[in-house]
Amino acid sequence: MTHRISRGTRVLAASLGAGVIVPFAVAAAPAAAATAPQVSCTSDKAGLAAKLQKDITAALANRTGTIAVGLYDRSTNTRCTLRSSTAFDSASVVKVTVLATLLWDAKKHNRYLTDRETTLATAMITKSDNSATTTLWKQLGMTKIKGFLTAAGMTQTVPGANGYWGLTQITVRDEQKLLALVTAKNSVLSDNSRAYILKLMGKVISSQRWGTPAGAPSSVAVHVKNGWLPRSTHGWRVHSLGTFNGGGHDYMISVLTHGNSTMDYGVATIQGVAKVIHKDLVPVTTSVQRYTPTSTPREAFPAVPTD
């Protein structure tokens, strides 16, 4: 009972605190004002922030669970955030961090990946192979993983203990930082490393191409990594990271969720957000899309403690 009361208090406080930022969200649904998602957006393009703010809020209006959203479009300097510092169990989206760490460490030692590492990395990203991830996680070790997180400025990310990489604590803020490093020149990842990560994220198998790519127009190149995990607390964790380039835009979306009753429910929540973001950023006159999200998403669950 104490937990329910404290959680409700936090939700109410967050809603009241954000009410000034999104006054129309409160006005549109006064009866649900205490629990309505409060999205904050800014943009250099006139009218875009307000449109995204309204449409993302509407997409989440009737969804249950805890949902965090991050959007950044370099082309218009547009940003949207919702619960950017809320922590979630990473599930398989941490695999992008594992690959980035591997490439960062190889760069430090002025070496290429070995054939074995290339095989493991490819399986880890394109098929979300858990055994390959565990092998690379153990090879890297905590010192190198934490070293990369520091270099990347991902200060809110906490690696999972005792080899449970799927329980790494992540936030939208840090995942957006990671995607920003992958998609633009920087001193942490080499150009070749960034291109390699994007190449693998662009070759994810069809059964794992759901989530943030939903609604992406055919003019936009899609790179994605998803993850999901059921546990006794917070139900299903369902997450999706995506980067998108084309149609005059260069943007990235992170959506993290838990408290979903089923995996499909979480997938639907993420795709509802993604569709309005793509529509607002890259309006198209036809319905042609590069990816049609799969109706049968699949992935092996990462090993976690039983609780």
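Details of the structure are given in the entry above.
Rules of the game
Residues numbered from 1 in each chain as written. Predicted model: local features only at pLDDT ≥ 70, side-chain atom pairs only at ≥ 80, totals over all residues. Heavy atoms only, no water. Pairing = 2+ DSSP bridges. Helix = DSSP H or I, 4+ residues; strand = E, 2+ residues; numbered from the N terminus. Axes fitted to C-alpha atoms, helices over the stretch in contact; angles between N-to-C directions. Contact = heavy atoms within 4.5 Å. Core = buried A, V, L, I, M, F, W, Y, C linked by side-chain atoms within 4.5 Å. Buried < 20%, exposed > 50% of the residue type's maximum accessible area, 1.4 Å probe, protein only. Disulfide = S-S within 2.5 Å.

Draft legend 1. Region of the structure containing the sheet that holds strand β8 (residues 249-260). Sheet architecture is open: six strands sit in the order β1-β3-β2-β8-β7-β6, paired in antiparallel fashion. Strands with a single pairing partner mark the edges of an open sheet, and in this sheet they are β1 (40-42) and β6 (220-230). Each strand axis lies, on average, 5° off the axis of its neighbour in the sheet, ignoring direction. Sheet topology note: the strand β2 (residues 66-73)/β8 ladder contains eight bridges and is antiparallel. Bridging across to β8, Asp73 finds its partner in Tyr251. Running at roughly 70° to β6, helix α8 (residues 191-201) makes contact with β6 and β7 (236-246) of the sheet. Contacts between helix α9 (residues 263-281) and the sheet are confined to β2, β6, β7 and β8, with β8 contributing the most and set at about 155° to the helix.

Draft legend 2. The arrangement of the nonpolar core in detail. In terms of nonpolar packing, the biggest core is built from 45 residues, with Leu99, Phe148, Leu189 and Ile197 touching the most fellow members. Looking at this core, the elements that each hand over two or more residues are β2, α4 (94-108), α5 (115-126), α6 (130-152), α7 (172-183), α8 and β8. The element contributing the most residues to this core is α4, with nine residues. The contacts of Leu189, once residues within four sequence positions are left out, are Ala100, Trp104, Lys107, Phe148, Leu181, Val182, Arg194 and Ile197. Counting 31 residues, the second largest nonpolar core, distinct from the first, contains Cys80, Trp236, Met263 and Val267.

Draft legend 3. The state of the cysteines, seen in detail. All told, the structure shown has one disulfide when counted by the stated rule. A disulfide bridge connects Cys41 with Cys80, and the sulfur atoms are separated by 2.1 Å. Torsion about the S-S bond of the Cys41 and Cys80 cystine: about 115°, corresponding to right-handed handedness. Taken together, the positions of Cys41 in strand β1 and Cys80 in strand β3 (residues 78-82) put the pair 39 residues apart, joining distant regions of the chain. The class of Cys80 is buried, set by a relative accessible area of 0%.

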